[in-house]
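Listed here are the chains, written in short residue letters.
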Amino acid sequence: MRYVVYIFCIGIFCVIGISFSSCIREEISGNTPEANFEALWRIIDEQYCFLDYKKEVYGLDWDEVHERYAKRITADMGWKNLFEVLSDMVNELRDGHVNLSSSLATSQYRMWFDSFPHNFSDSIQRNYLGKDYVNSSGLTYQILENNIGYIYCESFSNGIGDGNLDQILNQLAICDGLIVDVRDNGGGNLTTAQRLAARFTNEKVLVGYMCHKTGPGHSDFSTPKPVYINPSNGIRWQKKVVVLTNRRSYSSTNDFVNSMGQFPNVIIVGDKTGGGSGLPFSSEIPCGWSIRFSAAPMFDPQMNQLEFGIDPDVKVDMSATDMQQGKDTMIEVACSLLKELGKD
């Protein structure tokens, strides 16, 4: 009887040992293809902030990704081939913020916008801007024929000065309503986006929460910290606002749209934004290639993830018929909404 128990116990310890060893991977040093692969996988495993969320949304299994891509790594593979394999691996995250950069190229996940209608045409936009539009501090603005103000913000990469914002809003003050167009705005500086949003509220508003990675576990995060938009000390817009969005409204633009959506005088019109909400983190693998990804997730006031985009209040796509006639369906709908709301 003791012999049977002894054999049974050894069997249990073997199973436990196999299970444990499958979860713990030893670090591999050096600058070999395998070492670079393991280093990249581990950095993402310990620092990337959306692994649990993406497992929930579309079934991402980062351990399974490791096993699958490890089979594509060979000791004699060249740098170009290694870069292609590692790029394919990070694209499993379906995240436009994840970029592997080398002297060969920089990886980029594009399906977050390539799989959707563009819903923007700069040539049609020029029909509305005319020839006497003004460009100030990276913002292009015009008073449309129906007395609706229009501001196009193509990027938050460059700073927007408070003096410029005062001038723009003062010029548009005679308008019945305002369109803020952030289509094709791929993001930039979060502070710049918040500075613009601060012109559309008269009180301090909770716009969401932010967490930070605190450990290597997929769910190791700090307590959510509230994020507020405080009203600007400069000129603030008091009438109705429509924010126009498309799938290429990304990164800090995604956060801008979330902030604007918390204000009572703002309506989001167009397509779902592209997402990309986390703050960036950078690291390197042994060969010197750098990896950039999100390590600090952001949420709306109800603690909903913003990573996969924000739905508009009014869903609108640009129609082929309107485009053939040189019309922007989204601008037309925005003007109609603002004119109707202006009657209230």
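Residues numbered from 1 in each chain as written. Predicted model: local features only at pLDDT ≥ 70, side-chain atom pairs only at ≥ 80, totals over all residues. Heavy atoms only, no water.

Draft legend 1. Up close: the pairing of strand E8 (residues 241-245). Counting buried residues in E8 gives five out of five residues, a clear majority hidden from the surface. One ladder, built from four bridges, connects strand E5 (residues 177-181) with E8; its direction is parallel. By the bridge assignment, valine 180 is partnered in E8 with valine 243. Sheet topology note: the E8/strand E9 (residues 266-270) ladder contains five bridges and is parallel. (Buried < 20%, exposed > 50% of the residue type's maximum accessible area, 1.4 Å probe, protein only. Helix = DSSP H or I, 4+ residues; strand = E, 2+ residues; numbered from the N terminus. Pairing = 2+ DSSP bridges.)

Draft legend 2. Region of interest: the environment of aspartate 52. Counting through the fold element by element, aspartate 52 comes out in helix H3 (residues 51-58). Through-space distance from the C-alpha of aspartate 52 to that of serine 219 is 7.0 Å; in sequence the pair is 167 residues apart. When near neighbours in sequence (up to four residues on either side) are disregarded, aspartate 52 contacts His218 and Ser219. (Contact = heavy atoms within 4.5 Å.)

Draft legend 3. Broad picture of the sheet that holds strand E11 (residues 290-296). Taking strand neighbours across the sheet as the criterion, the three strands line up as E1-E11-E10 in an open arrangement whose pairing is antiparallel. Strands at the two margins of the open sheet, each flanked by one partner only, are strand E1 (99-101) and strand E10 (279-284). If you compare each strand with its neighbour and ignore which way they point, the axes differ by 30° on average. Of the strand pairs in this sheet, E10 and E11 are connected by six bridges, and their pairing is antiparallel. Paired with leucine 279 across the strands is alanine 296, a residue of E11. (Axes fitted to C-alpha atoms, helices over the stretch in contact; angles between N-to-C directions.)

Draft legend 4. Inspection of empty space enclosed by the protein at higher detail. Within this structure, the stated rule accounts for one cavity of 30 Å³ or more. Volume-wise, the largest cavity comes out at about 100 Å³. Lining the largest cavity are 16 residues; nearest its centre among them are Val207, Val227, Asp255, Ser259 and Met298. Taken together, the elements giving at least two residues each to the lining of the largest cavity come down to helix H9 (190-197), strand E6 (205-210), strand E7 (225-229), helix H10 (252-260) and strand E12 (298-299). (1 Å grid on protein atoms, 1.4 Å probe; cavity = no way out; pocket = protein on both sides within 12 Å on 5 of 7 lines; lining within 4 Å. Points joined across faces, edges and corners; volume = space filled by probe spheres on them.)

Draft legend 5. View of the nonpolar core. With 37 residues, the main nonpolar core has Phe200, Val243, Phe256 and Met260 as its most contacted residues. Considering each element in turn, this core owes the most residues, four residues, to H9. With residues up to four places along the chain from it excluded, the contact list for phenylalanine 200 reads Leu178, Val180, Trp237, Val241, Met260, Phe263 and Asn265. Counting residues in each nonpolar core, the second largest holds 29 residues, with Tyr53, Met77, Val85 and Leu93 among its members. (Core = buried A, V, L, I, M, F, W, Y, C linked by side-chain atoms within 4.5 Å.)

Draft legend 6. Spatial organisation of unusual backbone geometry. The phi dihedral of serine 137 falls on the positive side, at around 55°, and the residue is not glycine. With respect to the helices and strands, the residue serine 137 is situated in the loop between strand E2 (134-136) and strand E3 (139-143). The exposure class assigned to serine 137 is partly exposed, which follows from its relative accessible area of 24%. In this structure, asparagine 147 takes a positive phi of about 65° despite not being glycine. Along the chain, asparagine 147 falls in the loop between E3 and strand E4 (148-153). Classification of asparagine 147 by relative accessible area gives partly exposed; the value is 24%.

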